[in-house]
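The chain contents come next:
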Amino acid sequence: MSTFRSAFFAAAALCLNVAVLAQGPNLGRPLTAEEIEKIDITIAPDGSGLPAGSGSVSSGAAVYKQKCQGCHGAEGAGKPMEQLTGGIGTLASGKPVKTPVSYWPSATTLFDYVRRAMPFNSPESLSNDEVYALTAYLLSIDSIVDKDAVLDAKSLPKVKMPNRDGFVRWWPRLH
Amino acid sequence: MAKDNKAKRPEGLLDRRSLLRGSLLAAGVAGAGLGTARADENIGAGAPGWMKTPGRPFSSYGVPAKWEEKVVRSFTVAPGRAGTGASRTPLHLLEGTITPSGLHFERHHNGVPDIDPGQHELMIHGLVKRPLAFSVEALKRYPMESHIYFLECSGNGGAYNQPQPPQQTVGGTNGLLSCSEWTGVRLRTLLDEAQPASDAKWVVAEGADAAAMMRSVPIEKCIGDAMVALYQNGEALRPEQGYPMRLLLPGFEGNMSVKWLRRLQLVQEPVNARDETSHYTELMPDGKARQYMFLQAVKSIILKPSFGMNMKGPGLYEVSGLAWSGAGRVAKVEVSSDSGHSWRIAPLVEPVLPKALTRFRLPWEWDGRPAILMSRATDETGDVQPTRAQWMSQFAPGQSYHFNGIACWSVASDGTVKNVYV
């Protein structure tokens, strides 16, 4: 009897635990496709999430001068804020210079980050065309794309970053 | 560093029980003097002013004593970017294990947003059957959990990568570390409601700050001990800590516990967000970098004494510090006063909780001779805190994330405490 009782209570406790963990009052409001489209600004390395639009190196140079150069220096050389160009080939040199072009594995990250977080004083203010153009311009400085390149949702994910194979994934790992 | 050498006694480090016995005896002797009558009738004559006049009235929200004005977060302000960067917890000036909410370290990417909770929602979408939005009001009706967890920035202790030991307080070198009681909803409860697809392996978490800061989080963590925290130390989250809600990933690098949480997108693969490529990755000597290294590994540091807290002559002191591990509970802390030649186990102050700060204390009879103090923690998985040299050998020069090496304090015969590498 006592064995049965303890087994019963053990089972009841187990159910209760599962119930407490999993059971909410179901108050989530269904999101519409239109709402999701508005909020979903993530760009994946395969290019999913990239919007319509395009931008050339030359138009990017003009936007850069006007909205970025004050913080990031001429041609992304840095100062007062982060250096954006150069440093390619330095990672194993003992004096690594980590920049978006020398270190970041995906060109999509540049688009994603500039669009969500830059310019610093007015984030999310650039048009999609401007973000494509800035991406093209910054990648052209180190000849990752040609000087006459035009980037869009199709061409951007195909850009081969110098350090694209430079990362070793730690997760998942058994500790 | 030499291993345990039983022939050599740890320099002055004492067994806590023998010390307690001694102090009881001393108290008994002192007690013999009690009961002596006072001669003067007006006891106010010798009383301090604050005992002879009514005190201040109630206040709607209490603040620390004015005498504690130096116990504050430290930070530097970049021109035009006053809300970007980090502020640090003055660990060396605090006690126990819980960080006061107003002293919790901060790391912001574009300031602290002033979010109206009535207009804020948490949206879950992507690879789910039912994309959902949760208002703050709705979340408050969900079953809540409370847990004490530390948060540590992956860059904490990064200054130890410099060739010369940083001569700063522990707050300055290791103040990107805090510990709170967090209350909120288990993330799994919300994910279950949204019904993740079987190919959803990662969750992109995004904040509602002006950087829309985002990180990719493995689904295993999200259906494990991850929380959506609404409260910290019993009150609503402070704005600097993510008001009205933040992600809380116990034991993972602080940057992933996304503040001002507004969006969780279930995806198949991580997205190489700026803060998981540019930052928080570990460059190794061969030029390759470790990515998605999330765990804040076992670590400890002595706070008393530490830089800036000089010893005042030989005598009895308490060596005290903090230990923690993102992998679970702290199992053991050893303290050495002879530069690691011999070690004594330091008692841990209960409760010893997983992924929370744990306090250790050990009496030390300092004889006034130069000494080098250090602490070494081991967690319940058996992971042992490495020396700085062991840690440094894994990485390229300049690497500063996830530093968990042993910190060493030299005590000079005049009592000056300095940071040293051994």
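The residue count restarts for each chain, going from 1 along the sequence in the order it is written. For naming, the first written chain is A and the first written ligand is 1, with later ones following in the order written. Residue-level local features of this predicted model are given only where pLDDT is at least 70; pairs of side-chain atoms are given and counted only at 80 or more, and the full residue set underlies all totals for whole chains, interfaces and linings.

A few words now on the overall build of chain B. When you go through chain B residue by residue, the secondary structure sums to 6 helices and 22 strands. Atoms counted for the radius of gyration: C-alpha only. Globule rule: 2.2 Å times residue count to the power 0.38. In summary, chain B has a C-alpha radius of gyration of 24 Å against a globular reference of 22 Å for 422 residues, a match within 12%. Seen through its C-alpha atoms, chain B measures out along the principal axes to roughly 80 × 60 × 45 Å. Taking all 422 residues of chain B together, 46% fall into the buried category. Any pair of residues counts as being in contact when their C-beta atoms, constructed from backbone geometry, are within 7 Å of one another. Restricting to contacts in chain B with at least 6 residues of sequence separation, those with at least 24 account for 72%. Put simply, DSSP H or I for four residues or longer makes a helix, DSSP E for two residues or longer makes a strand, and each gets a number counted from the N terminus. For every residue, the other C-beta atoms within 10 Å of its own C-beta are counted; 20 or more classify it as buried, 12 or fewer as exposed, and values in between as partly exposed. C-beta atoms are placed from the backbone.

Taken together, the contacts link 42 residues of chain A with 53 residues of chain B. Among the secondary structure elements, those contributing two or more residues to the side of chain A that touches chain B are helix H1 (2–22), strand S1 (29–30), helix H2 (33–39), helix H5 (100–103), helix H6 (107–117) and strand S4 (167–169) of chain A. Ranked by residues supplied to the side of chain A that touches chain B, first place goes to H6(A) with 4 residues. Gly counts as polar in this scheme, as do all residues outside two lists: the nonpolar Ala, Val, Leu, Ile, Met, Phe, Trp, Tyr, Cys and Pro, and the charged Asp, Glu, Lys and Arg. Of the residues contributing to the side of chain A that touches chain B, the split by class is 28 nonpolar, 9 polar and 5 charged. Two strands pair when backbone bridges link them, and S1(A) and strand S4 (residues 132–135) of chain B are joined in this way by 2 bridges, in the antiparallel orientation. By the bridge assignment for S4(B), A:Pro30 is matched with B:Leu132. Note on pairing: two strands pair once DSSP finds at least 2 bridges between them.

Time to look at the confidence of the model for chain A. Predicted confidence across chain A gives a mean pLDDT of 89, with 86% of residues reaching 70 or more. Low pLDDT (under 50) marks residues 1–20 of chain A, which in the prediction has 1 contact with non-local residues, meaning those over four places away or in another chain. pLDDT runs from 0 to 100 and stands for how confident the predictor is about each residue.

Okay, the nonpolar core next. Here, a nonpolar core means buried Ala, Val, Leu, Ile, Met, Phe, Trp, Tyr and Cys residues linked by C-beta atoms lying within 7 Å of one another. In terms of nonpolar packing, the biggest core is built from 132 residues, with A:Ala136, B:Ala205 and B:Val228 touching the most fellow members. In terms of residue count, helix H7 (residues 128–141) of chain A provides more of this core than any other element does, 9 residues in total.

Residue and element names in this part refer to chain B. Strand order in the open sheet formed by 5 strands is S18-S17-S20-S21-S22, with antiparallel pairing between adjacent strands. Looking at strand neighbours, the two that pair on one side only are strand S18 (344–345) and strand S22 (417–420), the edges of this open sheet. In terms of strand pairing, strand S21 (residues 408–411) meets S22 through 4 bridges, oriented antiparallel. Pairing of Trp-409 across the sheet is with Asn-419, part of S22.

Looking now at the packing of helix H3 (residues 57–67) of chain A against H7(A). All names here are of chain A. Note on geometry: axes are C-alpha line fits, over the in-contact stretch for helices, and angles between N-to-C directions span 0 to 180 degrees. Relative orientation of the contacting elements H3 and H7 amounts to 100°, with a least axis distance of 7 Å. Comparing the axis directions of H3 and H7 gives the class roughly perpendicular. From H3, Val-57, Ser-59, Gly-60, Ala-61, Val-63 and Tyr-64 reach across to H7, where they touch Glu-130, Ala-133, Leu-134, Ala-136, Tyr-137 and Ser-140. Of the residues in the contact of H3 with H7, the class split is 8 nonpolar, 3 polar and 1 charged. Angle categories: roughly parallel below 35 degrees, roughly antiparallel above 145, roughly perpendicular from 65 to 115, and oblique for all the rest.

The next subject is the pairing of strand S16 (residues 315–324) of chain B. Pairing of strand S15 (residues 299–304) of chain B with S16(B) involves 5 bridges; the strand directions are antiparallel. Bridge assignment links B:Ser300 to a residue of S16(B), and that residue is B:Ala323.

Before going further, it helps to spend a moment on the domain arrangement of chain B. Residue and element names in this part refer to chain B. Segmentation of the chain into domains, including their bounds, is taken from an automatic or database domain assignment. Looking at the assigned domains, one finds that chain B contains domain 1 (106–164 + 178–290) and domain 2 (299–420). Placing a centre on the C-alpha atoms of domain 1 and another on those of domain 2 gives a separation of 30 Å. Facing 18 residues of domain 1, the contacting portion of domain 2 comprises 19 residues. Listed by contribution, the elements that provide at least two residues to the side of domain 1 that touches domain 2 are strand S5 (145–152) and strand S13 (282–283). With 3 residues, the top contributor of residues to the side of domain 1 that touches domain 2 is S5. In the side of domain 1 that touches domain 2, the residues fall into 11 nonpolar, 6 polar and 1 charged.

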